[in-house]
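Chain and residue survey
The chain contents come next:
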Amino acid sequence: MEEHTLTKIEIITRPSKLEELKEALNKIGVMGMTVSQVFGCGLQKGYVEVYRGQRYNINLLPGIKVETVVCEVPVDQVVEVAEKVCQTGRPGDGKIFIYPLSDAVRIRTGDRGPEAIMDEK
């Protein structure tokens, strides 16, 4: 039997890219994901806004974080799809982080490892 390793991938990008990213990941076999609304800053460092004559530095910009764990879908394929969908060429396109996982547990059944994230047959 082939040994599968677990890898967690976090994609932080623009909220406007969420639906397109979900569809593209589903097409390559990534079905399970967690999506969070996040705020952060990178190289663009935010912007200045004027409200009632007062200047405010807005240095945390809204984003989304899509987290998924893969074992059968190649990590490089997930990264390639995410880059293609999220890249606009402007600051704020986001980042992709890749982490090796030592284990996963499906709480309901107690399945561990790759079986914990794979579809039940």
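- Naming follows an unreviewed UniProt entry, where the protein chain appears as P-II family nitrogen regulator of Megasphaera massiliensis.
- The heading Sequence similarities (unreviewed entry) in the UniProt record of the protein chain holds the text "Belongs to the P(II) protein family."

1. As for the nonpolar core
- With 17 residues, the main nonpolar core has I11, L21, L25, I28, V30, V66 and V78 as its most contacted residues.
- Looking at this core, the elements with two or more residues in it are strand 1 (6–13), helix 1 (18–27), strand 5 (61–70) and helix 2 (75–86).
- When residues in this core are grouped by element, the largest group, 5 residues, is from helix 2.
- Once residues lying within four places of it in the same chain are set aside, the contact partners of I11 are L21, L25, I64, K65, V66, A82, C86, K95 and I96.

2. With respect to the pairing of strand 5
- The buried fraction of strand 5 is high, at 8 of 10 residues.
- Pairing analysis gives 7 bridges linking strand 1 to strand 5, with the strands arranged antiparallel. Following the sheet pairing, I11 is matched in strand 5 by V66.
- In this sheet, strand 5 lies alongside strand 2 (residues 34–40) in antiparallel orientation, the contact comprising 7 bridges. Along strand 5, the bridge assignment pairs T34 with E67.

3. Some details on the sheet that holds strand 6 (residues 95–101)
- Ordered by their spatial adjacency, 4 strands build an open sheet running 2-5-1-6, and the pairing between neighbours is antiparallel. The sheet is open, and its two borders are formed by strand 2 and strand 6, each paired with just one other strand. Neighbouring strand axes in the sheet, compared pairwise and without regard to direction, differ in orientation by 25 degrees on average.
- Those strands touched by helix 1 are strand 1, strand 2 and strand 5, and its axis lies near 10 degrees from that of strand 5.
- Running at roughly 5 degrees to strand 1, helix 2 makes contact with strand 1, strand 5 and strand 6 of the sheet.

What counts and how
- Residues numbered from 1 in each chain as written.
- Predicted model: local features only at pLDDT ≥ 70, side-chain atom pairs only at ≥ 80, totals over all residues.
- Heavy atoms only, no water.
- UniProt positions renumbered as here; feature names shortened; annotations may be inferred.
- Core = buried A, V, L, I, M, F, W, Y, C linked by side-chain atoms within 4.5 Å.
- Buried < 20%, exposed > 50% of the residue type's maximum accessible area, 1.4 Å probe, protein only.
- Helix = DSSP H or I, 4+ residues; strand = E, 2+ residues; numbered from the N terminus.
- Contact = heavy atoms within 4.5 Å.
- Pairing = 2+ DSSP bridges.
- Axes fitted to C-alpha atoms, helices over the stretch in contact; angles between N-to-C directions.

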